[in-house]
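Here's the letter readout for the chains.
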Amino acid sequence: MNATEPKDTFDENIQYTSQQVEELVDSLATYRALIEASNTGAWEYFTDSKHLNCNHVYYSLLGYDLADFVALEGNNIQRTWVDFLHPDDLALAMRLFEKYVHRPVGRYENAFRMRHKNGHWVWIWSRGCYIKDSSGNNTNRIIGTHVDITRHKLAEEQMQRERILLRTLIDNLPDTIYVKDEAARKVISNKADVRVLGATAEQEVLGKTDLELYTEHIDIGKRGYADDMRVLSTGEPIIDREEFFWDEEGNKNWLLTSKVPVRDVNGNIISLLGIGHNITKRKKAEEELKKLNAELNQQSKELSEQAEELKVLNEQMIMQQEQEMEKAIAQGKFEIASEVLHDIGNALVGFGSYLNRINRTLDKSNIDTIKGLNQFLASQQTAIAGAIGADKTNALITITDGISKTQVTNKDEISNSVWELVNIITHIQEILNIQRQFVREHGEVHERKPVNLISIIDDCRSMLMASFEKKGIRITINAEPGSYVIKGDHTKLMQVMLNVLKNSVEAIKVDATDKKINVQLNQTTERIKLVVNDNGEGFDSETGEHLFERGFTTKKSGTGLGLYNCRSIVESHAGSFEIASAGTGKGATTTIQFFK
């Protein structure tokens, strides 16, 4: 056998005209072009001589060229086909082909793997049919084709794997899962669904509708079948519907059922997918809970009367306890505050005495002596130069002059620093005096008395003046004409105003170009309104939602109690306390209102 294209032969017993020959040649050319275009390998096997001829596409499917096989000897089906077969496919492929050769009835078909030139395996679909020689030349043959179906086989294997995985998944889920065809007959039923139906195997329920599956509970079967046909006809799904069924022992069980239509690529409904989640335990728990709620409601009704009787007495006791506790806490706070203020004052006095001692030491410095020495050396420069030399004299005068100037500079800096500290101590002592006055006035819990808000603002400004000056902040206070006196707790309102102003100071960056805080007061017949504006960092909307939460803070060392307490104090004075900001870097506005 030669590895060549299949030969086209004429019947020698027929006389062909030239036109018939041309037509036959054209037909053969068309045939070959069709084979080429379809990338189909063609082969012919002569059953008598056992020759196997193949076209070049046959070899190209395996990565070879026809020329690679030109040198092969005839009658070599082994080299041309058998040697390329996969070991696992060899026996079956040979047996099927030989069977067809010995009994060539119908069509030969088989799929097998052949080795590609680069080493991988190509799936081939081989088809052929027997052609008996009528000329008597013993040229009986089988002609056929080879088509590469590797991609289809791989896709088929992948689909099979995915089907196995999907089937494994649905059979191991506790929920019932099933598929029904367009007539509502089951075509898939997982293990959970089979158990619910009281069957032992999937085959027992396939091909049946709910009418046929629920013969002992006709109402359930009719309900399920009607729902199936409604979904299949309208395309409207059923989602999470609670349905009951009866198990083999006659117990009532519940499913949370969903049924959805399945459509093909054209949007036509071809089947129905159903899922049922067993909610029997939940339903029983709900029934128990309902029963328990009824019992509790009865008990609650019986207790409500007793609770109502105790309510008035309890409120009286709470009020009395709160008053006593407030009095005790306030007394303890002021006692502690008095001791702390006393200790701070003593410490400041001691610190001030050290500063005064430093000042006295500076007054006794020997700067004038060094200046005099320098002037003497300068006036005697010639005489001294004659004794120790000009260079040494100049160096001595330069050194004493430098020491003199350095001492003067150091003394000025130290003196300025000392006086700054003295001023700060004086300012702190003024604040302590104010606080001592508050402590003395509020050593006991008193009824609320008239408080002037303008006086509180002025006192707070005085207390924080050092902070304003240190940061270079300009504070302005604008109050419309009127009386800003309310009944309240002077100390607590002072605490609120100090907290608000301190927050504004801390919000303004040190390197800001324009630093200012503005306080405005106005009033109507219904309320007094106090507004504090600053051009500090501000805050975003998310931060603003949490500002008054207990424990929330944006400061590293904050406790998260300042604004929470401020709002509580203002609300206890029949007022409101709000903070707003247009965003980060856009300052903040604090609005406090006291309603008359």
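Residues numbered from 1 in each chain as written. Predicted model: local features only at pLDDT ≥ 70, side-chain atom pairs only at ≥ 80, totals over all residues. Heavy atoms only, no water.

Student: Teacher, can you tell me more about the sheet that holds strand E14 (residues 516–523) here?
Tutor: Strands belonging to one sheet form pairs held by backbone hydrogen bonds; the direction of such a pair is parallel or antiparallel. One open sheet accounts for 5 strands, arranged E12-E14-E15-E17-E16; its pairing is mixed. Of all strands in the sheet, those bounded by a partner on one side alone are strand E12 (474–479) and strand E16 (575–580). Going across the sheet, the axis of each strand differs from the next one's by a mean of 10°, ignoring polarity. As paired elements, strand E15 (residues 527–534) and strand E17 (residues 588–595) share 8 bridges and run antiparallel to each other. Counterpart to Lys529 in the pairing with E17 is Gln593. Contacts between helix H17 (residues 562–572) and the sheet are confined to E16 and E17, with E16 contributing the most and set at about 145° to the helix. (Pairing = 2+ DSSP bridges. Helix = DSSP H or I, 4+ residues; strand = E, 2+ residues; numbered from the N terminus. Axes fitted to C-alpha atoms, helices over the stretch in contact; angles between N-to-C directions. Contact = heavy atoms within 4.5 Å.)

Student: Would you take a moment to explain the packing of helix H13 (residues 453–463) against helix H15 (residues 490–507) for this structure?
Tutor: Geometrically, a packed helix pair is captured by the angle between its two axes and the distance between the axes. Between H13 and H15, whose axes approach to 9 Å, the crossing angle comes to 50°. Taken together, the axes of H13 and H15 are oblique relative to one another. By crossing handedness, the relation of H13 to H15 is classed as right-handed. Across from Ile456, Ile457, Asp459, Cys460 and Met463 in H13, the residues of H15 making contact are His490, Leu493, Met494, Met497, Leu498 and Leu501. Broken down by class, the residue content of the contact of H13 with H15 amounts to 9 nonpolar, 1 polar and 1 charged. (Parallel < 35°, antiparallel > 145°, perpendicular 65-115°, else oblique. Left-handed = near helix turned anticlockwise from the far one by under 90°. Nonpolar A, V, L, I, M, F, W, Y, C, P; charged D, E, K, R; others polar.)

Student: Even after reading the chapter, I still don't get the packing of H15 against H17, so can you show me in this structure?
Tutor: Where H15 meets H17, the axes come as close as 10 Å, and the angle between the chain directions of the two elements is 140°. When the axis of H15 is compared with that of H17, the two are oblique. In terms of crossing hand, the pair formed by H15 and H17 is left-handed. Along the contact surface, H15 presents Lys492, Gln495, Val496, Asn499 and Asn503, while H17 presents Gly562, Leu563, Asn565, Cys566, Ile569 and Val570.

Student: How should I be thinking about the pairing of E14 in this particular structure?
Tutor: Strand residues, when the strand is regular, have side chains that alternate between the two faces of the sheet. As paired elements, E12 and E14 share 6 bridges and run parallel to each other. Within the sheet, the bridge partner assigned to Thr476 lies in E14 and is Asn518. Where E14 lies against E15, 7 bridges are found, and the strand directions are antiparallel. Bridge pairing in E15 places Val519 opposite Val532.

Such coordinate-based values are descriptive only and should not be taken to indicate function.
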